[in-house]
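Descriptive analysis of the structure
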Amino acid sequence: MRCATAFGVVLVLAAGVARSAPEEAMPSPLDYAYGWPIEQPSPSGFYEFDLPIEVYRSVADPGLRDIGVYDARGEPAPRLISAPKEAEAPDQVVETTLLPVLAAPGTPVADMRLALERSVGGTSVRIESMDAKNTTAPPALVAYLSDLGEKTTRLRAVEVDWPREIEPVITQLAIEGSEDLDHWFALGSGTVAGLAQDDARIERRRIELQSREVRYLRLSWTRAPEQWRLTRLTARYSQAVRPAQRETATLWPTGRDPDDGGQLYDLGGAPAVDRIALELAGGQELVRAAIHAWDPDGGYWRPVHEGQFYRLQRDGGVIESEPAATAPVRASRWKVVIERGSRNADVGLQLGWRPDRLLFLAQGQGPWQLVAGSAYDAEANFPQARRYADPEMRDLLKKAGPVGTAALGARIELGGAARLEPAQSPAWRRWLLWIGLVAGVLLVGFMALRLLRHPPAPA
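Here's what I pulled together on the structure shown here. Predicted, not measured: the structure shown is a model, and the values here were computed from it.

It is worth spelling out the sheet that holds strand β5 (residues 79-82) at this point. Across a sheet, strands are paired by hydrogen bonds formed along the backbone, either parallel or antiparallel in direction. On the basis of which strands lie adjacent, the open sheet formed by four strands has the order β5-β28-β2-β30 and mixed pairing. Looking at the sheet topology across the chains shown, the edges are occupied by β5 and β30 (404-405). Looking at chain direction, β5 and strand β28 (residues 357-361) are connected through four bridges and run antiparallel. Residue pairing in the sheet places Ser82 in a bridge with Arg357 of β28.

Below is the structure:
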């Protein structure tokens, strides 16, 4: 009976010690290094925006857990950060008909008024009018016209093919668009090429285009070989309702790795990089390189991509390798090891990514601000993120209606860069709490032991 009584006293006192432990403190905006005012062009219950590279470079946690949203009273608002999807929706690929435009050699296509002439035998291009230029010369191929069939804003790129026998070829191609064949506007331009360099086969067939409403395409070129002609035009349409936004940054070496001579780079933050390119100096450059990202947890360089990069000049044109697609990698530090080619010259490292998106509930009193960068938040195991990052927020949008768009204003200093440095050793507050709890239990055990050894005299 006395043991049961003593054990009950232990439980009561232990519960009292646990209740006396301080509640988990929620950080305030001044516990973060930096803040950004959130600008909302129109009222809404939810807002969403992409995170710029400045935010990635302002956090203490590469996992973005020390990011929060606070209202005008300094109260946190529910927010959810969504990483980019592993893969973008594939393009819709449609092969279109190429209609040759024949005119006197050297006639600018901008001086022509074109029309489509449809008959039982097919569709052809008729030149209704043009400036008189050497009209006695036999007609030559000066451009191509293509009818997409209907107006669209989803056209994002075209790819062209030519006969292999006219190679080597490197040509500057210009793509114009129109809704009515009368008014033309530039959609995009770039260098297309097919050639062999050393033991490598180099091809460049794709031209990226601006997103505009368009039905007709007009293709023209400069410095084409004498037998130049196209055999196919492929249109690539975006299937995404909201085209993926992309960001890029070009870095230059900050030093070299003494072990392998690799050039070192620092992005300053860790977005999900999924495109890599090299910026090569000089007129002619062809290298094979291995790209590595630093893994801070494992303490080693992680291989990301190995391949060929080039910058070549031929017949007055320049062709550069396209960015290589990789699986998303979050890393701040990068390394380029030149395996074949010139290793002396510095190369630029271009990294591309799709930003993470932040969704928040307009809870409390506006205006709201985004905050980032807190070693205190990390030491406390990110209480703000754990309490206010609810994955079910996106399900609420189905009932709340369309989400509003927002943007970040200029960065302001809150607690400053000092908030990025731990005040004491990591998790010192949790250790202090545990020490207090253990000391309390030991004290309770000591008191219980005394009660067992020296029970009070019966009344």
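Back to the text.
Looking now at the nonpolar core. With 25 residues, the main nonpolar core has Leu217 and Leu219 as its most contacted residues. If you list the elements that add at least two residues to this core, you get β10 (140-152), β11 (155-161), β12 (169-178), β13 (184-197), β16 (214-222) and β17 (232-237). Non-local contacts of Leu217, meaning those with residues more than four positions away in its chain, are made with Tyr144, Leu145, Ser146, Leu148, Leu155, Val158, Ile175, Glu176, Trp184, Leu187 and Leu233. In this structure, Ala249, Val329, Ile338 and Trp353 belong to the second largest nonpolar core, which totals 23 residues.

Considering only enclosed or pocket space, the second largest pocket measures out at about 440 Å³ in volume. In this structure, the second largest pocket is lined by 19 residues; those nearest its centre are Pro62, Ala270, Pro296, Arg330 and Ser332. Mapped onto the lining of the second largest pocket, the elements with two or more residues apiece are β22 (285-295) and β25 (324-330). In terms of residue count, β22 provides more of the lining of the second largest pocket than any other element does, three residues in total. Split by residue class, the lining of the second largest pocket holds 10 nonpolar, three polar and six charged.

The rules behind these values
- Chains are numbered independently. Their residues run from 1 in the order of the written sequence.
- Restriction of local features to residues with pLDDT of at least 70 applies here, the model being predicted, together with a cutoff of 80 or more for giving and counting side-chain atom pairs; totals for whole chains, interfaces and linings are based on all residues.
- Note that the side-chain values use all heavy atoms of the structure and ignore hydrogens as well as water.
- A pair of strands is considered paired only if DSSP assigns at least 2 bridges between the two.
- A run of H or I in DSSP becomes a helix once it reaches four residues, and a run of E becomes a strand once it reaches two; helices and strands are each numbered from the N terminus.
- Buried residues of nine kinds, namely Ala, Val, Leu, Ile, Met, Phe, Trp, Tyr and Cys, make up a nonpolar core once their side-chain atoms join them within 4.5 Å.
- Using a 1.4 Å probe on the protein chains alone, a residue whose accessible area is under 20% of its type maximum counts as buried, one over 50% counts as exposed, and one in between counts as partly exposed.
- Residues count as neighbours in contact if any of their non-hydrogen atoms are within 4.5 Å of one another.
- Only protein atoms enter the 1 Å grid used here, on which a cavity is any set of points holding a 1.4 Å probe that cannot leave and a pocket is any open set flanked by protein within 12 Å on both sides along at least five of seven lines; residues with an atom within 4 Å of a point are listed as lining.
- Grid points are joined across faces, edges and corners, and a volume is the space filled by probe spheres set on the points.
- Each residue is assigned to one of three groups, with Ala, Val, Leu, Ile, Met, Phe, Trp, Tyr, Cys and Pro labelled nonpolar, Asp, Glu, Lys and Arg labelled charged, and all others, Gly among them, labelled polar.

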